[in-house]
Amino acid sequence: MKKIFLFFVIFGIFMSLSAEIINFKETPSQKEKRMEWWRKARFGMFIHWGLYSLAARHEWVKRNERMSNQEYRKYFEHFNPDLYNPVEWARLAKEAGMKYVVITAKHHEGFCLWDSKYTEYKVTNTPYGKDILKSFVKAFRKEGLRVGFYYSLLDWHHPDYIPDRNHPMFENKDFMKKAKNRDMNKYVRYMMNQLTELLTEYGRISSLFLDYSFPPKNGKRGKGRNDWQSVKLINLVRKLQPWIIVDDRLDLLDTPGGWDYRTPEQFMPRRWITYKGKKVPWETCQTFSGSWGYYRDEYTWKSVRQLIIMLIETVSKGGNLLLNVGPTARGTFDKRAVDRLKGIGKWMKYHERSIYGCTEAPREFKKPDNCLLTYNPETKRLYVHILVWPPLGRLFLDGFAGKVEYAQLLNDASEVQIINEPYWTVVERKFSKDTLVLKLPIKKPPVEIPVIELFLK
Ligand code: GLC
């Protein structure tokens, strides 16, 4: 009797432990291989689209203005993006030089852009009436871009979701009282069902952006791995699409296999991001103007130049850039977004070689003033991005002497001469032996950020 009891105790412990284990094993080199396309792509498009696009004042408008489901309902009833043409979107993304796309299948508001069997709160029940993801996936794949989904863990509409400090109704006592008996298990089942739909009905999904976990703060309820049952979720995801690349917002940072890359948001890291002392894959997601969803009256838009620099700087630190567009409720990219995408594309047309497949330059090459370096380890070419064109026709590169075989401007493949005598300074009265001197044209080449391509020996 005792033995049987003991068996069940041990079995029980084993089962509860194994529920916490991620069933996904791979070696570091297998992981490198899985993430290779993503690492080389370097540049993707984020798309935030949902009912908040009608409000046109931030995708958090429901929370910001403490709207009830009823108050928010008007956007659902008027959702009719008659100009939606994903072929156009895909072309704009491709022209800008983007290699992949991530779209909000469901954002925090809970509205679904696809014909989910598990909810009525979906696009097919709006005046628009059609599944948006189906045509989206097809159009982007046709242009050669990889497709990823963003799926919000938060849900401000679902009746089983336990409201927390980020919920629109958190301050509403009546609502909170009624929500007392909600069952997160049911909500987790809902997420499992929806993720299964997204990962089985739309072909190969290249990446998944699950958003997000937030620990309790000042005694106010938060949400993390236990609430989402994160291990269960990620096991499902990896089982359905073993090659998929998953972000780091499930609150599983310390769990092997719990994430693939870090996601600094609207912020440029000072250097390559590390975890426990090791450099890790990372992707920064950025907006044009501070809001992810379409925001009509927001005017702090970054310039094309700032955006190009952002892309170069990200790659120079070994990361990816996921640049966001918030389409309008008619289904178009607004003019400000189109202008910027085209501007970036104009630069990328001549300079993509300094972005794709590139990463941080080896340590021995010091970054000159007003420059950013990237490096392609396969072709052994180093790229010097000159942010401020020097007035005196010379560029001094410390640590480069004797290591460069040939130099050219990337935009027109015109030679940049290497001046062979070591650099001599009047002030220092000495030769600097490790400094390479390049002879630049006085006039800045007619591109936003000129790049010099160095073929290393
Ligand atoms: C945040 C915001 C959200 C946005 C996301 C993008 O988590 O809640 O609105 O979608 O970041 O990374």
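Remember, it's a predicted structure, so these values are computed and weren't measured experimentally.

> Explain the site of the ligand residue by residue, including any values.
In the vicinity of the ligand, 14 residues are found, and the nearest of them are His48, Glu59, His107, His108 and Glu265. At 3.1 Å, a side-chain N or O of Arg249 approaches an oxygen atom of the ligand. Of the residues belonging to the shell around the ligand, the class tally is seven nonpolar, three polar and four charged.

> Could you give me a rundown of the pairing of strand β4 (residues 207–211), with the residues and numbers involved?
In regular strands, side chains alternate between the two faces of the sheet. Among the five residues of β4, five are classified as buried, and the element is accordingly described as predominantly covered. Burial along β4 is two-sided: the face carrying Ser207, Phe209 and Asp211 and the face carrying Leu208 and Leu210 are both buried. With five bridges joining them, strand β3 (residues 146–152) and β4 adopt parallel strand pairing. Bridge pairing in β4 places Ser152 opposite Asp211.

> Can you explain the domain arrangement of the protein chain? Please cite residues and give values.
You can read the domains of the protein chain as domain 1 (26–354) and domain 2 (371–456). Placing the centre of domain 1 and that of domain 2 at their C-alpha centroids yields a distance of 40 Å. Of the residues lining the interface, 13 residues belong to domain 1; the matching set on domain 2 comes to 16 residues. At the junction of domain 1 and domain 2, the tally comes to three salt bridges. With a shortest N-O distance of 3.5 Å, Glu448 and Arg305 are connected by a salt bridge.

What counts, and where the lines are drawn
Residues numbered from 1 in each chain as written. Predicted model: local features only at pLDDT ≥ 70, side-chain atom pairs only at ≥ 80, totals over all residues. Heavy atoms only, no water. Near = heavy atom within 4 Å. Polar contact = N/O pair within 3.5 Å; in protein donor to acceptor, adjacent residues only side chain to side chain. Nonpolar A, V, L, I, M, F, W, Y, C, P; charged D, E, K, R; others polar. Buried < 20%, exposed > 50% of the residue type's maximum accessible area, 1.4 Å probe, protein only. Helix = DSSP H or I, 4+ residues; strand = E, 2+ residues; numbered from the N terminus. Pairing = 2+ DSSP bridges. Domains from an automatic or database assignment. Contact = heavy atoms within 4.5 Å. Salt bridge = Lys/Arg side-chain N within 4 Å of Asp/Glu carboxyl O.

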